[in-house]
Amino acid sequence: MSSLTIDLPTSGVLITGLTETVSHPLDAHVAGIRTRSETAFRAVYDATADDLTSFAFGMLSDRKTAEDVVQQAFVELVKGAHKIKGDGRALRAWLFRSVRYGCLDEYRRRSRRPEIPYEVIPDSEVIADPLADHLDPSLEAALNELRKRHRTVVLLRHVVGLSVDEIATVMGSTRRATYAVLSRAETRLRNFLDGNQEAES
Amino acid sequence: MSNRFPELDEARVIVDGVTREKHLGVVSAALAARGQGSWGRGRVLALGLVLVLLVPVVALAAENTVPGDLLYPIKRALEPIVQVFDSDAPAQRRVREVELLFERDATDEVIVWHVDAARDVVTDFQPTLSQRIDRVVRDLHIRRTDRLVVVDPPHEPGEERPVKENPIVPVDISDEERGNDHPTSTTSTIQDLTSDTTRSGDRVGDG
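The structure presented is a predicted model; accordingly, all values stated were derived computationally and were not measured. (Residues numbered from 1 in each chain as written. Chains lettered and ligands numbered in written order. Predicted model: local features only at pLDDT ≥ 70, side-chain atom pairs only at ≥ 80, totals over all residues.)

## Overview of the overall build of chain B
- Looking only at helices and strands, chain B has eight helices and zero strands in total.
- In sequence order, the secondary structure elements of chain B are arranged as α-α-α-α-α-α-α-α.
- Looking at chain B residue by residue over its 207 residues, the buried ones come to 16%.
- Restricting to contacts in chain B with at least 6 residues of sequence separation, those with at least 24 account for 56%. (Helix = DSSP H or I, 4+ residues; strand = E, 2+ residues; numbered from the N terminus. Buried ≥ 20, exposed ≤ 12 C-beta atoms within 10 Å, placed from the backbone. Contact = placed C-beta atoms within 7 Å.)

Structure representation (structure tokens):
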């Protein structure tokens, strides 16, 4: 038995009830991960790579760096596989937490070594990279206006589609606190997006 | 998934095949390295643990060994370490070995040989150890004399006791000579041995 919570962020109404335990698609691979089975790692990668990369991309606005962060998260999973506890949900949360820490490390790296603007580099030295995708400037500007914590919960909720409980697990916070942070983040992001659109129009 | 922010759909990406293969290749390499590494580390840890536990146990077991025992070489090998903490340790150990050899009824030749070895390491500044060596020497001579005692031949009750061949002549000695003072030199050891022989003769005569 487990607690199933339906959250409605827009209205702020919480409905909680008890239902039968629902198995998670990653449940079958947790044991394999713990024993460092390559098959299990491949299965977990295929099941989570898109979500993890999307989350990292939203956090960093740079697809190549996002993919590197996801790769590093799986390397970390190899190292700490024996420490993984719980079911498939816990494993998924562990991966998102690892990617989140990777993104925060990348922020720190960028703050120590600011990127050189493209204008400074002569055209002949710029190498075209098909993977160097960046977010739309207006969306990136709006996300940059958010605090990192707000940006994280918004992306986990509206890009990856995690529930508030899952986000709370990733953030290492309580459900109530996460819900409050998410509400504030959504409001701020909506204001910034609407403001940007008005400015563009 | 909520559609309150359709703008965020742009952040939604799908990992392409090239990236997938690259990532899985890195994961495979990490798994292979981890497997080898963990086995190697495990072996080293296990070996280290065994050594850490084994060395004190073996050292303790070797503490009361005497020359000829299986663990005696280990005792001698670890002696320089013990000597760092106790400079008298080698002399004390040699003397103790002589005592143990005597207690374990080693042959006279072996005991004498190790008595000489013990005297080599005991200095003049260790009178207690010298006394212990001399005590062993004296006891050794007593033991040797006891083994030479001739047993009375059988005779009927009331019959005159038959004359023993090579009887040991009792010699009167004073209590001071019989006393517990242990000789501190070879000369005094010889003197004591004479009195010990006499005591053995007394016992034979009394019987």
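## A short note on the interface of chain A and chain B
- Listed by partner, the interface residues are 30 residues for chain A and 23 residues for chain B.
- Those elements that provide at least two residues to the side of chain A that touches chain B are α2 (38–60), α3 (63–79), α6 (148–160) and α8 (175–200) of chain A.
- In terms of residues, the side of chain A that touches chain B owes the most to one element, α2(A), which gives 10 residues.
- Residue composition of the side of chain A that touches chain B, by class: 14 nonpolar, six polar and 10 charged. (Nonpolar A, V, L, I, M, F, W, Y, C, P; charged D, E, K, R; others polar.)

## Observations regarding unusual backbone geometry
- Unusually for a residue other than glycine, Arg36(A) sits at a positive phi of about 55 degrees.
- Mapped onto the fold, Arg36(A) is located in the loop between α1 (27–34) and α2.
- With a phi close to 65 degrees, Asp105(B) is a non-glycine residue in the positive phi region.
- Relative to the helices and strands, Asp105(B) is located in the loop between α4 (89–103) and α5 (108–121).

## Structural notes on the packing of α4(B) against helix α6 (residues 127–147) of chain B
Residue and element names in this part refer to chain B.
- Following both chains from N to C, one finds α4 and α6 inclined at 15 degrees, their axes separated by 10 Å at the closest point. The orientation of α4 relative to α6 falls into the category roughly parallel. Judged by the sense of rotation from one axis to the other, the crossing of α4 with α6 is left-handed. The residues of α6 that touch α4, namely those facing Ala-91, Gln-92, Val-95, Val-98, Glu-99 and Phe-102, are Leu-129, Arg-132, Ile-133, Val-136, Asp-139 and Leu-140.
- Of the residues that constitute the contact of α4 with α6, the class distribution is eight nonpolar, one polar and three charged. (Axes fitted to C-alpha atoms, helices over the stretch in contact; angles between N-to-C directions. Parallel < 35°, antiparallel > 145°, perpendicular 65-115°, else oblique. Left-handed = near helix turned anticlockwise from the far one by under 90°.)

## Points about α5(B)
All names here are of chain B.
- Between its first and last C-alpha, α5 extends 20 Å over 14 residues, near the 20 Å set by a 1.5 Å rise per residue.
- Regarding α5, the residues found buried are Ile-111, His-114, Val-115 and Ala-118. Seen end-on, α5 carries its buried residues on one side only, within an arc spanning 115 degrees. Away from its buried face by more than 90 degrees, α5 exposes Glu-109, Asp-116 and Asp-120.
- Buried residues in α5 make contact with α4 and α6. (Expected span 1.5 Å × (residues − 1). Arc of directions from axis to C-beta.)

## A short note on the nonpolar core
- Leu52(A), Phe55(A), Ala56(A), Val70(A), Val99(A), Leu156(A) and Ile167(A) are the most contacted members of the largest nonpolar core, which has 58 residues in total.
- With 11 residues, α2(A) is the largest single contributor of residues to this core.
- When we break this core down by domain, the ones giving at least three residues each are domain 1 (24–121 + 128–134) and domain 2 (136–201) of chain A.
- Apart from the residues within four sequence positions on either side, Ile167(A) is in contact with Val153(A), Leu156(A), Arg157(A), Leu162(A), Thr178(A) and Leu182(A).
- By size, the runner-up hydrophobic cluster in this structure holds 16 residues, among which are Val98(B), Val136(B), Val137(B) and Leu140(B). (Core = buried A, V, L, I, M, F, W, Y, C linked by C-beta atoms within 7 Å. Domains from an automatic or database assignment.)

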